[in-house]
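Per-entry structural report
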Amino acid sequence: MRLFAAVLPPDDVAGELGSVVDGLRRLPGADRLRWTGRAGWHFTLAFYGEVEDGLVPALGERLARAAHRTAPFPLALRGGGHFGDRALWTGAAGDVRTLRLLAERAEAAARKAGVATEEHRRYRPHLTVARSRDGVGFASYLTALENFAGREWTVGELHLVRSSLPRSGVPGEQPRYESAGRWPLGRVAEGTGA
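Note that the coordinates shown come from a computational prediction; the quantities given were computed from them, not determined experimentally.

**What about the pairing of strand β1 (residues 2–7)?**
The buried count for β1 comes to 5 of 6 residues, which makes it a mostly enclosed element. Pairing of β1 with strand β3 (residues 43–50) involves 6 bridges; the strand directions are antiparallel. Bridge pairing in β3 links L3 to G49. In the sheet, β1 pairs with strand β8 (residues 157–164) via 4 bridges, with the strands oriented antiparallel. Residue F4 lies in a different strand from β8, and its bridge partner there is V161.

Structure, rendered in structure tokens:
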């Protein structure tokens, strides 16, 4: 299974961002970008890649512990940024320190469960809204996102998400995301399933 740990924005918060992204999609050159779908909007905490089925229960147990050790915290979508000329994103405001701590714990959970992880990099919270294969300039999109400030919400769950990449070859097909587990923050989880 291709898995990652994530924080998911609530529907109304995603709706606020959706209104802004709808405007971005009307900007010149927007048709050259691959826009991510609202159903896939998330803050990736730790990307695990392909995980053997036999390791998933131990990973779930470790993620439950990480969630239990992390108190709920306030977060909001804010502003925008980009990674080179390949990805456009909105960032995070609020208790970003705790978001980073949860990301570190999600990464440590994988190591302790025997899941191989990539080289550790400093966590940079972002929610990807578009990608480019041919190096579209993001200046006009960044200007439009500059003053974006979504409402604050309380992050209350850690999610383990299964990602299925598109296989049909149909242009615009999005990856499919489904919950493989979720755990409440700050209290003992009742189980490790979704």
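So that's the structure; there's more coming.
**Quick notes on the sheet that holds strand β7 (residues 153–155)**
Strand order in the open sheet formed by 5 strands is β2-β6-β5-β4-β7, with antiparallel pairing between adjacent strands. Looking at strand neighbours, the two that pair on one side only are β2 (34–35) and β7, the edges of this open sheet. Judged from the 4 bridges that link them, strand β5 (residues 87–94) and strand β6 (residues 127–131) form a sheet pairing that is antiparallel. Looking across to β6, one finds that T90 is bridged to L127. Its contacts with the sheet place helix α1 (residues 11–24) against β2, β4 (73–83), β5, β6 and β7, and it is angled at close to 25 degrees to β6.

The rules behind each value
Residues numbered from 1 in each chain as written. Predicted model: local features only at pLDDT ≥ 70, side-chain atom pairs only at ≥ 80, totals over all residues. Heavy atoms only, no water. Buried < 20%, exposed > 50% of the residue type's maximum accessible area, 1.4 Å probe, protein only. Helix = DSSP H or I, 4+ residues; strand = E, 2+ residues; numbered from the N terminus. Pairing = 2+ DSSP bridges. Contact = heavy atoms within 4.5 Å. Axes fitted to C-alpha atoms, helices over the stretch in contact; angles between N-to-C directions.

Keep in mind these values describe shape, not function.
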